[in-house]
Amino acid sequence: MRLRKELEEMMEDEILVTAQVSDALAHPARIKIFRYIYKCNRSFTKVCNKDIVEAFPYSQATISQHIKKLTTSGLVQVKKEDKFSYYFINLGILAKYMDAVKKFDD
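Throughout what follows, the structure given in this document is the object of discussion. (Residues numbered from 1 in each chain as written. Predicted model: local features only at pLDDT ≥ 70, side-chain atom pairs only at ≥ 80, totals over all residues. Heavy atoms only, no water.)

### Side note on unusual backbone geometry
Then comes step 1: Positive phi, normally seen in glycine, also occurs at Phe44, with a value near 60 degrees.
Then comes step 2: The exposure class of Phe44 is exposed, given its relative accessible area of 79%.
Then comes step 3: Backbone geometry places Asp82, a non-glycine residue, at a positive phi of 55 degrees.
Then comes step 4: With respect to the helices and strands, the residue Asp82 is situated in the loop between strand S1 (76-81) and strand S2 (84-89). (Buried < 20%, exposed > 50% of the residue type's maximum accessible area, 1.4 Å probe, protein only. Helix = DSSP H or I, 4+ residues; strand = E, 2+ residues; numbered from the N terminus.)

Pasting the structure below:
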């Protein structure tokens, strides 16, 4: 019975966030892209698709597929300015994910 109680301690939305973010970070290229966007955001540098394509040895189509997975998970947000799309880390989702993962140890 103790196992059942421990499983119930993690709320459904935390389980969903954990699954979505873990899936988004399940590919090494997406982790690299995520870290790149994160570092740029920390230094207050805007990041668009062109910047990511220049920073990595992947095709533009591959970058777009990985960015789509990161944005679908909620980890990365897109803000359009004129004809450019800029990428920003969603710190709220990242914090929720990290808090939920910590509950695995409880």
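The rest of the description comes next.
### What about the nonpolar core?
Then comes step 1: Core analysis: the biggest nonpolar cluster contains 21 residues, and Ile33, Phe34, Ile37, Ile52, Leu70, Leu75 and Val76 have the highest contact counts within it.
Then comes step 2: Counting only elements with at least two residues in this core, the list comes to helix H2 (12-24), helix H3 (28-42), helix H5 (60-73), S2 and helix H6 (91-102).
Then comes step 3: For this core, the leading source of residues is H3, giving 4 residues.
Then comes step 4: What Ile33 contacts, discounting residues up to four positions off in sequence, is Ile52, Phe56, Ile63, His66, Ile67 and Leu70. (Core = buried A, V, L, I, M, F, W, Y, C linked by side-chain atoms within 4.5 Å. Contact = heavy atoms within 4.5 Å.)

### Some details on the pattern of salt bridges
Then comes step 1: Applying the stated criterion across every chain, the model contains 4 salt bridges.
Then comes step 2: Salt-bridge contacts for Lys103 lead to Glu14; the nearest nitrogen and oxygen are separated by 2.8 Å. Residue Lys103 is located in the segment after H6, and its partner Glu14 is located in helix H2; the two are separated by 89 residues in the primary sequence.
Then comes step 3: For Asp23, the salt bridge is made with Lys69, and the minimal N-O distance between the two is 2.6 Å. Here Lys69 lies in helix H5 and Asp23 lies in helix H2, a separation of 46 residues in the sequence. (Salt bridge = Lys/Arg side-chain N within 4 Å of Asp/Glu carboxyl O.)

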